[in-house]
Amino acid sequence: MVGLDSGTPPVLFVVGTAGAGKSSLVTAFQRWSRFQEVDAIAVNLDPGAERLHYDAEFDVRDLISLNEVMTEYDLGPNGAQILAADLLAAQADDVAANLHSMTGELMIVDTPGQVELFAFREASSHLVEVLGRDQAAIIYLFDPMLSRSPSGFVSQMLLSSIVEFRLGIPTKNFLSKSDLLEPEELEKILEWSERLEILEMALYDEAGGLRTEFAINQLRVMQQFSQSPGLTPLSSELEDGLADVLTFAQALFGGMSDARDGFAADIGNERN
Ligand SMILES: Nc1nc2c(ncn2[C@@H]2O[C@H](COP(=O)(O)OP(=O)(O)OP(=O)(O)O)[C@@H](O)[C@H]2O)c(=O)[nH]1
Ligand SMILES: [Mg+2]
């Protein structure tokens, strides 16, 4: 694996809108990968996280506490999140040095609740740069409830591609908390992700005219450039789709071991 050669494991940033299930995925993936004997390191970059259920090898809250930033600078939670992200940017080299010193096969990183903090403030792009662009990728989580309407679904496609564009690293979309969706709903959403013409019809029914044309044209262009098209169902609750997260990482960064490559392939075959 690339990471083993260079000393730093490859990094998967888990990104998504508030409450999309990012921290739960990091928790589930850490538990699951231990069972698979994959050495996955969990990292928390969300200074606002209240309680975490995974063992973070690096926790940004040891450097920056959201509550302290709120008190010290007399800010509300949103202003404090922005300032915390900027304070983190100032320490990004230290954070990167800390992450560089870790050994393992894969690093999985929890990010702040508001996706724009990760996408638009300096800290993350700086961190990606320092960690190495060819060593990083994004797991983008779609919110299941928002994905039930064509416009909500398309909005998340656009948001995911904005994050991918902004950070310039490979991105794979996952449908989070898929256990909360009825089987027909799940099937419909997955079909939208695979067949643009079906999504187009649904969108015309819902939004109509110019809005639909705008969205479909964007999606068409995006499809041409996407390295990892489609949407993969995920449930941290049921440990469903975790093997697909690992397979995505293996495809980008190289296999972890022959045995585990075989395992991931088996899982993939069972699904097909
Ligand atoms: N049913 C179900 N619930 C889930 C799943 N993953 C997360 N949840 C629930 O969704 C809520 C939000 O999950 P979090 O993991 O905290 O989401 P987050 O994206 O880290 O949230 P913020 O950091 O606040 O933006 C919690 O109540 C979780 O228990 C899942 O796979 N299935
Ligand atoms: Mg969280």
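Residues numbered from 1 in each chain as written. Chains lettered and ligands numbered in written order. Predicted model: local features only at pLDDT ≥ 70, side-chain atom pairs only at ≥ 80, totals over all residues.

### Quick word on the overall build of the chain
Part 1: Per the secondary structure count, the chain includes 13 helices and 7 strands.
Part 2: Scaling as 2.2 N^0.38, a compact globule of 272 residues should have a C-alpha radius of gyration of about 19 Å, and the chain matches this with 19 Å.
Part 3: Projected onto its principal axes, the C-alpha positions of the chain cover 50 × 50 × 30 Å.
Part 4: A buried classification covers 42% of the 272 residues belonging to the chain.
Part 5: Here the analysis covers contacts within the chain between residues at least 6 apart in sequence; of these, 73% occur between residues at least 24 apart. (Helix = DSSP H or I, 4+ residues; strand = E, 2+ residues; numbered from the N terminus. Rg over C-alpha atoms; globule rule 2.2 N^0.38 Å. Buried ≥ 20, exposed ≤ 12 C-beta atoms within 10 Å, placed from the backbone. Contact = placed C-beta atoms within 7 Å.)

### Comments concerning the site of ligand 1
Part 1: Neighbouring ligand 1 are 16 residues, the closest being Lys22, Ser23, Ser24, Gly113 and Glu237.
Part 2: By residue number, the principal contributor to the shell around ligand 1 is helix H2 (residues 22-35), which donates 3 residues.
Part 3: Tallied by class, the residues present in the shell around ligand 1 amount to 3 nonpolar, 8 polar and 5 charged. (Near = placed C-beta within 6 Å. Nonpolar A, V, L, I, M, F, W, Y, C, P; charged D, E, K, R; others polar.)

### Quick notes on the environment of Ala249
Part 1: Following the sequence through the fold, Ala249 ends up in helix H12 (residues 242-253).
Part 2: A count of 28 C-beta atoms within 10 Å places Ala249 in the buried class.
Part 3: For Ala249, the contacting residues outside a window of four places in its chain are Pro10, Leu12, Leu106 and Ala137.

It is worth stressing that arrangement in space is one thing and function is another; only the former is reported here.
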